[in-house]
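Chain residues, written in single-letter form:
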Amino acid sequence: MPLVELRGVGKVYQLGSTQVEALANIDFQIKAQEFAAIWGPSGSGKTSLLNLIGLIDSPSGGEIYLGGERVDGLTDDELARRRNQKIGFIFQHFNLVPVLDALENIMLPLQIRGVRADQAKAKARSRLREVGLEDQWNKRPDKMSGGQRQRIAIARALVGDPALVIADEPTANLDSATSRLIVDLMRELNRRDQVTFIFSTHDPRLLEHVDRRVRLEDGRIVATE
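Residues numbered from 1 in each chain as written. Predicted model: local features only at pLDDT ≥ 70, side-chain atom pairs only at ≥ 80, totals over all residues. Heavy atoms only, no water.

**Student:** Could you give an account of empty space enclosed by the protein, naming the residues involved and the relevant values?
**Tutor:** Over the atoms, a rolled probe matching the size of one water molecule traces out where space is still vacant. Within the structure shown, the criterion is met by 1 cavity of 30 Å³ or more. Taken as a whole, the largest cavity holds about 50 Å³ of empty space. Leu52, Leu55, Asp57, Ser58, Pro59, Ile64, Val71, Asp72 and Leu79 are the residues that line the largest cavity. For the lining of the largest cavity, the per-class residue count stands at 6 nonpolar, 1 polar and 2 charged. (1 Å grid on protein atoms, 1.4 Å probe; cavity = no way out; pocket = protein on both sides within 12 Å on 5 of 7 lines; lining within 4 Å. Points joined across faces, edges and corners; volume = space filled by probe spheres on them. Nonpolar A, V, L, I, M, F, W, Y, C, P; charged D, E, K, R; others polar.)

As structure tokens, this is what we get:
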């Protein structure tokens, strides 16, 4: 059974009196423990597809399954619970809370889940060590480099032991050397913790390291390698 499955999924956005078809008739599966990339030109639908896989957005048509459960018809509260329990997110612009330090940012998903503060702090420190930033625990995001902020974002995505991590252009704002460190770190966590990673990218350096490449053009899957 696939971890994620999309069957005949489409997404249409209403912009004033105009309908924009972002995705059309997407049939797609993600297996457990995959390290896969969705790639294609700007405007091809990469972020729209990730938002559907991550239960951030709802399809205009078709069916979405997570761990065998059909999820496209769930309520907003039910979707929020599934996201918090099963999915971690790494964003292009990091999306760290500026008034929280590194440790507090990593703890946040566990606190939303209702985990006790001491347990959340211990788990967050463990993830902080894994990304090599234990000595930066009390720094706020504005005192960190882009690479450090992205590593904090990775630790936050993994702190709840998700089955799936979704990353939207995770190296877009990083230099070449830092991008390679981030890719190597994600790959190591994928292999060691058996966490499934799927991310969007324009970056050919990332495509060299994935198990599968899914190319989107004009909202349609045109190739899988």
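**Student:** I'd like a description of the sheet that holds strand 1 (residues 4-15), backed by residues and values.
**Tutor:** The strand order across the open sheet built from 4 strands is 2-1-4-5, with neighbouring strands paired in antiparallel fashion. Each having just a single partner strand, strand 2 (18-30) and strand 5 (69-70) make up the two edges of the open sheet. Strands in contact with helix 1 (residues 46-53) are strand 1, strand 2 and strand 4 (61-66); relative to strand 2, the strand with the most contacts, it is inclined by about 60°. (Pairing = 2+ DSSP bridges. Helix = DSSP H or I, 4+ residues; strand = E, 2+ residues; numbered from the N terminus. Contact = heavy atoms within 4.5 Å. Axes fitted to C-alpha atoms, helices over the stretch in contact; angles between N-to-C directions.)

**Student:** Give me the packing of helix 3 (residues 102-113) against helix 5 (residues 146-158): which residues, what numbers.
**Tutor:** At their nearest, the axes of helix 3 and helix 5 sit 7 Å apart, and the two run at 30° to each other. The angle between helix 3 and helix 5 places the two elements in the roughly parallel class. When you trace helix 3 past helix 5, the crossing you get is right-handed. Here Ala102, Asn105, Ile106 and Pro109 of helix 3 lie close against helix 5, whose contacting residues are Ile152, Ala155 and Arg156. Along the lines of polarity and charge, the residues of the contact of helix 3 with helix 5 split into 5 nonpolar, 1 polar and 1 charged. (Parallel < 35°, antiparallel > 145°, perpendicular 65-115°, else oblique. Left-handed = near helix turned anticlockwise from the far one by under 90°.)

**Student:** Please set out the sheet that holds strand 9 (residues 212-217) residue by residue, giving values where relevant.
**Tutor:** Backbone-to-backbone hydrogen bonds join strands into a sheet, with any given pair of strands oriented parallel or antiparallel. Read from one edge of the open sheet, 6 strands run 6-7-8-3-9-10, paired in mixed fashion. In this open sheet, the two edge strands, each paired with only one partner strand, are strand 6 (87-90) and strand 10 (220-224). Pairs of neighbouring strands in the sheet enclose a mean axial angle of 20°, with direction left out of account. Pairing analysis gives 5 bridges linking strand 3 (residues 35-39) to strand 8 (residues 196-201), with the strands arranged parallel. Following the sheet pairing, Ala37 is matched in strand 8 by Phe199. Contacts from helix 5 reach strand 6 and strand 7 (164-168), with the element oriented near 170° to strand 6.

**Student:** Tell me about the pattern of salt bridges, residues and numbers included.
**Tutor:** Under the defined criterion, the tally for this structure stands at 20 salt bridges. The salt bridge involving Glu21 is made with Arg220; its shortest N-O contact spans 3.7 Å. Of the two residues, Glu21 is situated in strand 2 and Arg220 in strand 10; the sequence distance between them amounts to 199 residues. Exposure remark for Glu21: the relative accessible area of 48% places this residue in the partly exposed category. The residue Asp193 makes a salt bridge to Arg192 at a minimum N-O spacing of 2.9 Å. Under the relative-accessibility criterion, Arg192 is labelled partly exposed at 43%. Among the ionic contacts, a cluster of salt bridges with common partners joins Lys123, Arg127, Glu130, Asp161, Arg192 and Asp193. (Salt bridge = Lys/Arg side-chain N within 4 Å of Asp/Glu carboxyl O. Buried < 20%, exposed > 50% of the residue type's maximum accessible area, 1.4 Å probe, protein only.)

**Student:** Describe the layout of surface pockets, with residues and values.
**Tutor:** Counted as a void, the largest pocket has a volume near 460 Å³. Residue lining of the largest pocket: 19 residues in total, with Arg83, Asn84, Ile87, Phe89 and Pro109 positioned closest to the centre. Elements represented by at least two residues in the lining of the largest pocket include exactly helix 2 (76-86), strand 6, helix 3 and helix 5. Of the residues that constitute the lining of the largest pocket, the class distribution is 11 nonpolar, 5 polar and 3 charged.

What is shown is where atoms sit, not what they do.
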